[in-house]
Amino acid sequence: MGTRNKHYLWLTALALVGLLWLLTCGKNEQKAVTVSVGGQEVNQVIQQRGLTAQDVYAAVKTYIPTGKHDEYIMFASGGHSGQVLVIGVPSMRLLKVIGVFTPEPWQGWGFSKETREVLAGGNPPGKTLTWGDVHHPGLSETGGDYDGQFLFVNDKANSRVAVIDLRDFETKQIVKNPISLSDHGGTFVTPNTEYVIEGGQYAMPLNGQYASLDQYKEKYRGMITFWKFDRKKGRLVPGQSFALELPPYWQDLSDAGKQVSEGWVFLNSFNTEMATGGVESGNPPFEAGASQRDMDYLHVINLRKAEQLFKAGKTKKINGFNVLPLDVLIKEGVLYFVPEPKSPHGIDVTPDGNYLVVSGKLDPHVTIYNFTKIKQAIEKGQFKEHDPYGVPIIDFDTAMEAQVEVGLGPLHTQFDPNGYAYTSLFLESAVARWTLGGQWTSKHGKEPWTLVDKVSVHYNIGHLAVAEGDNVHPDGKYLVALNKWSIDRFANVGPLLPQNFQLVDIASKDQPMKLLYDMPIGIGEPHYAQIIKADKIKAWEVYPEIGWDPSTQSKHPKAVQAGGEKIVRRGKTVEVFMTAVRSHYTPEHVEVKKGDRVIWHITNIERARDATHGFALPYYNFNLSIEPGETQTIEFVADRAGVYPFYCTEFCSALHLEMAGYFLVKP
Ligand code: CUK
Ligand code: CUA
């Protein structure tokens, strides 16, 4: 260790001494203090562990003492696990994994009748899907800021959208997009969550029929879907939702306009070459074929106008879903293009709504478009040319406000309250901090549109998330880099490595960004995350009343109170009304005949926080998690005679092992 470092170490140690003195001694008692805990001096620990001043700073910034809570909650995509990860920030402690597209036994997700029905809502006709590829969690917003009520996520693999209610952190609805098998530009919400946006990705015939790749330009199409959200019911309403038919470019990320651009939606694209691949037949592979042109198209969509046209009946039905045809979009002035350079990826609207930041994966710049200029060009009908389908194209130089050279492989951008933008640099494994122009310039007195700082991350960052960093009022303070590779960051766990979420300190507007913490993610491939102030979430501690059905957020018709338990036989159907409380089920014996249909409701009649009971039934493949107040149902045919001990899977009390019973099936 160099003298300089030693010097810092001493300064930090002194600061710690001061801090501990303040904490332990109060204001008036002037006792002599040695900074020691349990007989060991803090300095010694620092020295023994070989920590630098920076390490100590990072530790002190992120450590949350036992019993204390994080300031922020991060909702991260669980990638192809199909789930959502809930993480405390700045501690980076995993708080929960929410079952969404994939059955999850600990939560009983996809085992009870109620949760199976939610999962089945996302099945295409005739198929049962048991996984999803979660890309973009989108929190519900009011006035362009997160309101803590709902979370939406998309499944890129099958074009589905799920709704999670943040009163109990459970998935309430999954909808299957009827006209597509692949999405990406979702989920993002309009500033008051009137619509949840699901943009498509890989073009295909929207009616789901076969068409050969020779007919790509005529028969294949892209799409963007606007799912109407009924906040009171907490559900997407398919009948009030509609899609736009788009040219068969591969649409990518999207974002909703806000403030000045509210009512507009932006969507970028790649493969405007309309390459169809086929490397095995001597064609250029997609990666080359889709990157030939210098420019792709930013799609500028007038959502208000599209909504009017939908309400005026200008849609046609494809697979029973409302779709505004491409020719209508062009004729009525719903869709415009602006060229975007070099395989664009992210599109992010600045907090004031006036600038659109687009990254080019193969361009070291971010390009900033000015919405007001785009709107003026549209109003004046200033179009340089049209694409092969007739969509008007606004001139690049007319729409462009600035370009900032940020580094290699820029992907996604978020914002803080100090007038900075943060862009992830995939190829460079770094985060770039740069100054926003416009109304933001005045706040920091620096030149607008310039790079000011960079921090290395490890490695190959995809998205980044700043606390409330895509809101009208960003919070800043922390940034999480969602890194795709971790290589040497953690103990070797074999060839499949965890990914790495890295926490970065961005609190000071004058100091450089500082890396604080590494969190290995051993599930899925997380793409995007959003970070919300923890106090905005008003989750229940227990369900509001005994006999609650979370799938409807109301009283379950088959719930019973203590004393109301019964077994009712009707012909070959046996219906069980059971309660669970520490430490027994009532009844403890359930006997049926082979071939009976069994409908079995279990109500947890506890009111104590955390008094969850499980319910495992062997052979028949059930596990439930029944939280305090909850009622859950299993339904099956007792198709094999025998004796099946059932038991509680949550260690709920000292006599938890005794919380069991026998299910007997008579031959
Ligand atoms: S995408 Cu993964 S790094 Cu699906 Cu938002 Cu850009
Ligand atoms: Cu109930 Cu263990």
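These figures come from a predicted structure and were not determined experimentally.

Peer 1: With reference to specific residues and values, describe the overall build of the protein chain.
Peer 2: When helices and strands are tallied, the protein chain shows 10 helices and 47 strands. Compactness check: the protein chain gives a C-alpha radius of gyration of 28 Å against a globular reference of 26 Å for 667 residues, within 12% of the reference. Seen through its principal axes, the protein chain has C-alpha atoms that stretch 80 × 80 × 50 Å. The buried share of the protein chain, reckoned over its 667 residues, is 58%. In the protein chain, once contacts between residues fewer than 6 apart in sequence are set aside, the share between residues at least 24 apart is 61%. Here the protein chain has roughly 27,900 Å² of accessible surface; of this, 54% comes from carbon and sulfur atoms. Charge-centre separation for the protein chain: the mean point of 66 positive side chains lies 4 Å from the mean point of 74 negative side chains.

Peer 1: Help me get a handle on the packing of aromatic side chains, residues and values and all.
Peer 2: Scanning the model with the defined rule gives 41 aromatic pairs in all. Geometrically, the ring pair formed by Tyr195 and Phe226 is edge-to-face, given 6.3 Å between the ring centres and 80 degrees between the ring planes. Of this pair, Tyr195 sits in strand β11 (residues 195-200) while Phe226 sits in strand β12 (residues 222-230); the two residues are 31 residues apart in sequence, bridging distant segments of the chain. A single burial state applies to Tyr195 and to Phe226, both of which are buried. Between the NZ or CZ atom of Lys361 and the centre of the ring of Phe270, over which it lies, the distance is 4.5 Å. For the cation-ring pair, Arg433 lies above Tyr420, with the distance from its terminal atom to the ring centre recorded as 4.4 Å.

Peer 1: Give me the lowdown on the site of ligand 1, citing residues and values where you can.
Peer 2: In the neighbourhood of ligand 1, the contacting residues comprise His135, His136, His184, Leu253, His345, His412, Gly462, His463, Lys484 and His527. Considered class by class, the residues forming the shell around ligand 1 number one nonpolar, eight polar and one charged.

Peer 1: Please give an account of the pattern of salt bridges that cites residues and values.
Peer 2: Any two side chains of opposite charge can pair, on the condition that their charged atoms come close. Per the stated rule, a full pass over the model turns up 30 salt bridges. Here Glu71 ties to Lys477 by a salt bridge, and the two come within 2.6 Å at their closest N and O atoms. In this pair, Glu71 is assigned in the loop between α3 (53-62) and β3 (72-77) and Lys477 in strand β32 (residues 476-483), connecting sequence segments 406 residues apart. We classify Glu71 as partly exposed; its relative accessible area is 29%. We note a salt bridge from Glu541 to Arg609, for which the minimum N-O separation is 3.6 Å. Linking Glu541 in the loop between β35 (529-533) and β36 (548-549) with Arg609 in the loop between β42 (597-604) and β43 (613-617), this pair joins segments that are 68 residues apart in sequence. Comparing Glu541 with Arg609 shows no difference in burial state: the two are exposed. Linked through salt bridges whose partners overlap, the residues forming this network are Lys113, Glu117, Arg597 and Glu635.

Peer 1: Give a description of the sheet that holds strand β23 (residues 365-370) that names residues and reports values.
Peer 2: Ordered by their spatial adjacency, four strands build an open sheet running β21-β22-β23-β26, and the pairing between neighbours is antiparallel. A single partner strand is all that each edge strand has here, and the edge strands are β21 (344-349) and β26 (400-405). Averaged over all neighbouring strand pairs, the angle between strand axes comes to 20 degrees, with direction disregarded. Pairing of β21 with strand β22 (residues 355-360), which is carried by four bridges, proceeds in the antiparallel orientation. Considered in β22, the bridge of Pro344 is made with Gly360.

Peer 1: Which residues make up the nonpolar core, and what values do they have?
Peer 2: Nonpolar side chains in soluble globular proteins tend to be buried together. Ile224, Phe226, Phe242, Leu244 and Ile301 are the most contacted members of the largest nonpolar core, which has 34 residues in total. Per-element accounting of this core gives the leading share, four residues, to helix α7 (residues 303-311). Among all residues touching Phe226, those that are not within four sequence positions of it are Tyr195, Val196, Ile197, Ser241, Phe242, Leu244, Val265, Ile301 and Leu303. Among the nonpolar cores identified, the runner-up in size contains 27 residues, and Val598, Trp600, Ile602 and Leu624 belong to it.

Parameters at a glance
Residues numbered from 1 in each chain as written. Chains lettered and ligands numbered in written order. Predicted model: local features only at pLDDT ≥ 70, side-chain atom pairs only at ≥ 80, totals over all residues. Heavy atoms only, no water. Helix = DSSP H or I, 4+ residues; strand = E, 2+ residues; numbered from the N terminus. Rg over C-alpha atoms; globule rule 2.2 N^0.38 Å. Buried < 20%, exposed > 50% of the residue type's maximum accessible area, 1.4 Å probe, protein only. Contact = heavy atoms within 4.5 Å. Areas by Shrake-Rupley, 256 points an atom, 1.4 Å probe, with all protein chains shown as cover. Lys, Arg positive; Asp, Glu negative; His and termini not counted. Charge placed at Lys NZ, Arg CZ, Asp CG, Glu CD. Phe/Tyr/Trp six-rings, centres within 6.5 Å; stacked < 30°, edge-to-face > 60°. Lys NZ or Arg CZ within 6 Å of the ring centre and 35° of its normal. Near = heavy atom within 4 Å. Nonpolar A, V, L, I, M, F, W, Y, C, P; charged D, E, K, R; others polar. Salt bridge = Lys/Arg side-chain N within 4 Å of Asp/Glu carboxyl O. Pairing = 2+ DSSP bridges. Axes fitted to C-alpha atoms, helices over the stretch in contact; angles between N-to-C directions. Core = buried A, V, L, I, M, F, W, Y, C linked by side-chain atoms within 4.5 Å.

Everything listed here is a matter of coordinates, which is why it stays silent on function.
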